[in-house]
Amino acid sequence: MPTDFIHIQPDRSGLELSAPDYVWQPLPYTNPEATRILFMGLNVPGYYSHPIRLLSLMVCEDADLNQKFDPRFFETETGADLDHILALVQEWRPAIIGCSINIWNCLDFARFTAALRKMPSPPILIGGGQEVTNSVYNFLEKYPHYDFIIDGEGEVPLKQLLTHLDLNNRSITDPSAVSGLVYRNENEIVRTHQAEVLPDLDALPSPVLANLIPDRTEHKDGLGIMLEGTRACPFRCAFCFEGDKTTRTRFASLERLRAEAIHLSKSGVRHIHMLDPILCASRRERLEGLEDIFQTVNTNNRTFISVEAYADLITPEVADALRLGSVLDIGLQSINAQTTRAIQRPFKRDKWLRGIRLLRERNIAFNVYLISALPYETLGTFLQGIQFTLQERPLRIFFNELCLLNGTMLRRNAEQFGYEYDRDPPYFVHGNRWMPVPVLKFVQALAKVVERNYSNKAGVLLNSLPWMTKTNRYIGAEDSIVRHNLQDGIPTTAANTSAEQIELRAGPSVERRLLLQSAAQAMLAGFDRIILSADFANLNDAETIHNLVKRGVLHFRVPLNLERYQFDAEYNRMSTNALLQLTREYRIASGPQVRPIIEIDIQNGEHTDALRSVTDRLANRLGIIWNTYADEFLEAEHNRELVYDLMCSITPHRSWVRMSRNAMQYCLRRFDELPGEHDIGADAQRILDDMQSLELIGDGYVQTDFSRTPGLERANR
């Protein structure tokens, strides 16, 4: 096996058809007389497509295929202008188009291929990717515009297909010679044998070393550039594409991974994500080799490397090898025993906690992922999972909303679990036996608020700043918080406290300069969370908000007087504009785009028409928290119903209503009346305790009064 991958892979960056000219011009290493084949990706904004890069490079590097075919690849975003893409394809005139299909672009590709079929001489259309693999439905029947489907890993079947393709008749001369092929034989849809795979991943050409990876690194959610460490998975998780496959797990060599990581780091890429979910089960020699790779790129170019891990497989030796990785992604998913059995994802609490302890002892940062709407998971058990996770102080927590992915065991058993879900991609789940539809919307909203409240911290998002070094503790901890009234000037004494949070309180007369200087002072003091309580007059333009966000203010509290909103036109205009500006996304320095956390303190809540007007405008703005109503407001039954209706109208938009414990208890009683196996009533007090510790409910609405704010005080949560 060769060890110097850099010198055996020439530059092939010309294979990409990209802006500004989008010209398919002859390349020194392609045959201009050959049949044109275009590989297409439609990506979620911020992502890039690895498969189309690999397949185009594979055809280019094959000594036989590159004389017959001239391969290129093109990618754009989902929702792109279809007419523009069609115009490009008509200009390029490819004879074959290969589509990399996933849950996010399947419907876009369906519209695109339907339009291609109307062309005078439509290209041959080949579909591949996760969405067509091991499908629970007949893909060619549902999407008839495709000529062929490759079911499984595409590299070997694509070579076989191109070798036996009859372009003139749009057919395969010997279908049995093509593995993983789905095709039409007259009116019958036929499937050949299982897709053959390469036993050695090093036999694949490297898109990284061929300079086909995009130079931008600000990918969505900071995902980074992918390095493929393994393929397939020995685990059989029921919600995962890999769970129903029998393909043997294969590994890329350390030599290949080293060459790719160093090449990316030298190219200026600052975030690499290692795709290797069973990293912790690797042999000691491989772990030591990966540790050396991490050390090399970290020492030379300070490249951020994230890897995936199973916490219960982490031993002291594994933890030692992971010390130089930047952050670990740990998929916990659920701690409920019935759930983990149903999804075939064992959870061994003691081993999991031991693995996390080993990471903390070595100061290794880790993120934890949970999934909502898994079988047997109730509102109560889900909250217990959140509490369990946050007690272990991850760097960030993420909640994935379940999709019943095509080809997974959970999708095949959807009826057994009573799932209500979208029948078209991406197959979002709306409810099941344990979480009826309103309850699941409620759970997803609270999860999103917890995620953003916990993870949107200066110490996480501004981690390149040397003074942001404090240990991150979750928002429900008994941490002290500094509160400072900006009427008293810049909080110069803030640096003398060990508190991790500061709340800056600003009345309408506070100058913009003081706002920005105070935020900067708080960030320099190393506060992990900076909260600004301010009037709309302070926050009425995007530039001010953006400058505050760049200074670490990621949490805003604003009072909203519904009486003035209803009867004062100028106040209505000003408050509406400020709220819309606050709900935008803003890019922070050397970091991702973030949407600030917003809390709206409702005043004069009896003006329900005004409240309905505000919620209609803003309820679909992710993560808004509406603080509502004192307990005495709930004495009238119709007011309790108003609060319940407000919650039910807002939570489907992943926004949250923070109310008193008594108000939430009333809402839980209403949920308990719904059919299902949730048993909310029996768990009500624990549910309320968990929600209160997470600050999802409070002791009733308390109006902000800036005039009574002390100059600088400490308070415990």
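Above this text is the structure in question.
Description of the structure in this document. Remember, it's a predicted structure, so these values are computed and weren't measured experimentally. (Residues numbered from 1 in each chain as written. Predicted model: local features only at pLDDT ≥ 70, side-chain atom pairs only at ≥ 80, totals over all residues. Heavy atoms only, no water.)

### A look at the packing of aromatic side chains
With the rule as written, the count across this model stands at 22 aromatic pairs. Centroid distance Phe347 to Trp352: 6.3 Å. Interplanar angle 65 degrees. Geometry classified as edge-to-face. Clustering of aromatic rings is evident, with ring pairs tying together Tyr137, Phe139, Tyr143 and Tyr146. Here the guanidinium or amino end of Arg12 rests over the ring plane of Tyr29, the centre of that ring lying 4.2 Å away. Arg411 extends its terminal NZ or CZ atom over the ring of Tyr427, reaching a point 4.3 Å from the ring centre. (Phe/Tyr/Trp six-rings, centres within 6.5 Å; stacked < 30°, edge-to-face > 60°. Lys NZ or Arg CZ within 6 Å of the ring centre and 35° of its normal.)

### Here's the deal with the packing of helix H21 (residues 637-650) against helix H22 (residues 661-672)
With their axes 10 Å apart at the nearest point, H21 and H22 run at an angle of 70 degrees to one another. As judged from the angle between their axes, H21 and H22 are roughly perpendicular. Contacts between H21 and H22 pair Arg640, Glu641, Val643, Tyr644 and Met647 from the former with Ala663, Tyr666, Cys667, Arg670 and Phe671 from the latter. When the residues that make up the contact of H21 with H22 are grouped by side-chain class, the tally is 7 nonpolar, no polar and 3 charged. (Axes fitted to C-alpha atoms, helices over the stretch in contact; angles between N-to-C directions. Helix = DSSP H or I, 4+ residues; strand = E, 2+ residues; numbered from the N terminus. Parallel < 35°, antiparallel > 145°, perpendicular 65-115°, else oblique. Contact = heavy atoms within 4.5 Å. Nonpolar A, V, L, I, M, F, W, Y, C, P; charged D, E, K, R; others polar.)

### Here's the deal with unusual backbone geometry
The amide bond that connects Ala19 to the next residue, Pro20, takes the cis arrangement and shows omega of 10 degrees. Of note, Pro20 is situated in the segment before strand S1 (35-43). Cis geometry is found at the peptide bond from Pro425 to Pro426, where omega equals 10 degrees. With respect to the helices and strands, the residue Pro426 is situated in the loop between strand S18 (420-421) and strand S19 (429-431). Notably, Gln344 is not glycine yet its phi reads approximately 55 degrees, a positive angle. Its place among the elements puts Gln344 in the loop between helix H10 (337-342) and helix H11 (349-361). Of note, Tyr427 is a non-glycine position whose phi angle comes to about 65 degrees, a positive value. Within the secondary structure, Tyr427 sits in the loop between S18 and S19. Here Tyr427 falls in the buried class, since its relative accessible area comes to 0%. (Buried < 20%, exposed > 50% of the residue type's maximum accessible area, 1.4 Å probe, protein only.)

### A closer look at the pattern of salt bridges
All told, the structure shown has 37 salt bridges when counted by the stated rule. A salt bridge links Arg362 to Glu361, with the shortest nitrogen-to-oxygen separation between them at 3.6 Å. The partly exposed category is assigned to Arg362, whose relative accessible area is 22%. Glu361 gets classed as exposed once you look at its relative accessible area, which sits at 53%. The residue Asp609 makes a salt bridge to Arg612 at a minimum N-O spacing of 3.3 Å. Here Arg612 and Asp609 lie together in helix H20 (residues 608-618), a separation of 3 residues that amounts to about one turn. Owing to a relative accessible area of 46%, Arg612 belongs among the partly exposed residues under this scheme. (Salt bridge = Lys/Arg side-chain N within 4 Å of Asp/Glu carboxyl O.)

### A short note on the pairing of strand S16 (residues 366-372)
When you tally the buried positions in S16, you get 6 out of 7 residues, the bulk of the element. Of the strand pairs in this sheet, S16 and strand S17 (residues 396-401) are connected by 6 bridges, and their pairing is parallel. Bridge pairing links Val368 to Ile397 in S17. In this fold, S16 hands off to helix H12 (residues 379-391), which returns the chain to S17; that crossover is right-handed. (Pairing = 2+ DSSP bridges. Right-handed = clockwise from strand over helix to strand, strands pointing away.)

### Some remarks on the sheet that holds S16
What the 6 strands build is an open sheet, ordered S10-S13-S14-S15-S16-S17; its pairing is parallel. Both edges of this open sheet fall to strand S10 (225-228) and S17, since each of them pairs with a single strand only. Averaged over all neighbouring strand pairs, the angle between strand axes comes to 25 degrees, with direction disregarded. One ladder, built from 4 bridges, connects strand S13 (residues 271-275) with strand S14 (residues 304-309); its direction is parallel. Opposite Met274, over in S14, you have Val307 as the bridge partner. On the sheet, H11 packs against strand S15 (327-333) and S16 and is oriented at approximately 165 degrees with respect to S15.

### Some words on the sheet that holds strand S3 (residues 96-100)
Across the sheet, which stays open at both edges, the 7 strands sit in the order S2-S1-S3-S4-S5-S8-S9 with mixed pairing between neighbours. For this open sheet the edge positions go to strand S2 (69-77) and strand S9 (188-191), each flanked by a neighbour on one side alone. For this sheet, the mean angle separating the axes of adjacent strands, direction not counted, is 25 degrees. Relative to strand S5 (residues 148-150), strand S4 (residues 124-128) runs parallel, the two being bridged by 2 bridges. If you follow Gly127 over to S5, its bridge partner there is Ile149. Docked against the sheet, helix H1 (residues 50-61) engages S1, S2 and S3, running at close to 170 degrees with respect to S2. Each of S1, S2 and S3 is contacted by helix H3 (residues 82-92), which is oriented at about 165 degrees to S1, the strand it contacts most.

### Notes on the side chain of Asn31
As for its placement among the helices and strands, Asn31 is situated in the segment before S1. Polar contacts involving the side chain of Asn31 include one to the main-chain carbonyl oxygen of Gln67, which spans 2.9 Å. The residues contacting Asn31, other than those within four sequence positions of it, are Asn66, Gln67 and Asp70. (Polar contact = N/O pair within 3.5 Å; in protein donor to acceptor, adjacent residues only side chain to side chain.)

### Describing the pairing of strand S28 (residues 656-660)
Summarising burial for S28: 5 of the 5 residues are buried, a large majority. Looking at chain direction, strand S27 (residues 624-627) and S28 are connected through 3 bridges and run parallel. Across the sheet, residue Trp626 finds its bridge partner in S28, namely Val657. Here S28 runs beside strand S29 (residues 697-698); their pairing, made up of 2 bridges, is parallel. Bridge assignment links Met659 to a residue of S29, and that residue is Ile697.

### So, helix H16 (residues 512-524)
With 13 residues, H16 should reach 18 Å at 1.5 Å per residue; the first-to-last C-alpha distance of 18 Å fits that figure. When we look at burial in H16, the residues that qualify are Leu514, Leu515, Leu516, Ser518, Ala519, Ala522 and Met523. If you follow the buried residues of H16, they end up packed against strand S21 (501-506), strand S22 (529-534), helix H17 (542-550) and strand S23 (553-561). Looking at the residues trailing H16, positive phi occurs at Gly526, about 85 degrees. (Expected span 1.5 Å × (residues − 1).)

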